[in-house]
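Here is how the chains run, residue by residue.
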Amino acid sequence: MELVGISSSVNNWLKRQHVMVLDEWVHACVEWLNSEYQEGLPSIAELQQLVYEQWLDSDLNEVGTPCLPNGITQQQKGFFNGNCILQINSLRDVSTPAYSQLTKLRGKENENATVTATQQTQDRFEPKSNRMLMLRLTDGHENIQGMEFAPIPSLSVNTSPGTKVRDSIASSH
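Colleague: What am I meant to see in empty space enclosed by the protein here?
Modeller: Rolled over the atoms, a probe as big as a water molecule pinpoints where empty space is left. Within the structure shown, the criterion is met by two cavities of 30 Å³ or more. Each pocket or cavity is described by its volume, and for the largest cavity that value is around 60 Å³. Considering the residues around the largest cavity, the lining is formed by His18, Val19, Met20, Trp55, Leu60, Thr65, Cys67, Ile85 and Asp139. Of the residues that constitute the lining of the largest cavity, the class distribution is six nonpolar, two polar and one charged.

Dropping the structure here:
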């Protein structure tokens, strides 16, 4: 099979996985893999996995095609349910003060800062604060905000920008 046919096959497989990328990017990726594997291209299944791994490390702003509905950024708020994979551009926990997150991120937490003359106790009826993540997401063309309503185990405040997500997303502009 020639490279154009292989690229088309890989691109069709990616679309079935709800990965929407530029055709040119897939073809360039297959060409690059062809140059890397001098003894010949791996099987189609292996090639699909290799291209998918390259996509995971890519920036959707450069290789993504639109998958969000037109005009979604003009909506005040709403729910988007679809098989669209988005990239996290930024993420922060809005349930804790920004200053404490910044000091923790910089490794400058100071345990003495919480010491007072009186002992602080948490009332037993006072609920422990839960995290609430605010995400800035993109499909490569539209930028939206998403909010975590219930804990998503695979996300944390340490999740790196560029991570790809797929799920039901509540968005607001």
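Colleague: Teacher, can you tell me more about the environment of Met134 here?
Modeller: By the secondary structure assignment, Met134 is in strand S3 (residues 133-138). In this structure, the C-alpha to C-alpha distance between Met134 and Asp93, residues 41 residues apart in sequence, is 6.3 Å. Sequence-distant contacts of Met134, defined by excluding residues within four places in its chain, comprise Ser90, Leu91, Arg92, Val94, Gln145, Gly146 and Met147.

Colleague: Please explain the packing of helix H1 (residues 3-16) against helix H3 (residues 44-56) as it appears in this structure.
Modeller: Two packed helices can be described by the angle between their axes and the distance between those axes. Where H1 meets H3, the closest approach of the two axes is 10 Å, and the angle between their N-to-C directions is 65°. Taken as a pair, H1 and H3 cross one another with a handedness that is right-handed. The residues of H3 that touch H1, namely those facing Ile6, Ser9, Val10, Trp13 and Leu14, are Ile44, Leu47, Gln48, Val51 and Tyr52. Residues belonging to the contact of H1 with H3 are distributed by class as follows: eight nonpolar, two polar and no charged.

Colleague: Hey, could you run me through unusual backbone geometry in this one?
Modeller: For residues other than glycine, phi is negative in most cases, and the peptide bonds are mostly trans. Here His18, not a glycine, exhibits a phi torsion of approximately 70°, which is positive. In this fold, His18 is placed in the loop between H1 and helix H2 (23-36).

Colleague: Teacher, can you tell me more about the nonpolar core here?
Modeller: A general trend in soluble globular proteins is that nonpolar side chains are found buried together. Counting 17 residues, the largest nonpolar core has Val10, Leu14, Val21, Trp25, Val51 and Trp55 as its most contacted members. Elements represented by at least two residues in this core include exactly H1, H2, H3 and helix H4 (60-63). It is H2 that provides the largest number of residues to this core, a total of five residues. Residues in contact with Val51, not counting those within four places in the same chain, are Val10, Leu14, Trp25, Cys29, Val30 and Leu33.

Calculation criteria
Residues numbered from 1 in each chain as written. Predicted model: local features only at pLDDT ≥ 70, side-chain atom pairs only at ≥ 80, totals over all residues. Heavy atoms only, no water. 1 Å grid on protein atoms, 1.4 Å probe; cavity = no way out; pocket = protein on both sides within 12 Å on 5 of 7 lines; lining within 4 Å. Points joined across faces, edges and corners; volume = space filled by probe spheres on them. Nonpolar A, V, L, I, M, F, W, Y, C, P; charged D, E, K, R; others polar. Helix = DSSP H or I, 4+ residues; strand = E, 2+ residues; numbered from the N terminus. Contact = heavy atoms within 4.5 Å. Axes fitted to C-alpha atoms, helices over the stretch in contact; angles between N-to-C directions. Left-handed = near helix turned anticlockwise from the far one by under 90°. Core = buried A, V, L, I, M, F, W, Y, C linked by side-chain atoms within 4.5 Å. Buried < 20%, exposed > 50% of the residue type's maximum accessible area, 1.4 Å probe, protein only.

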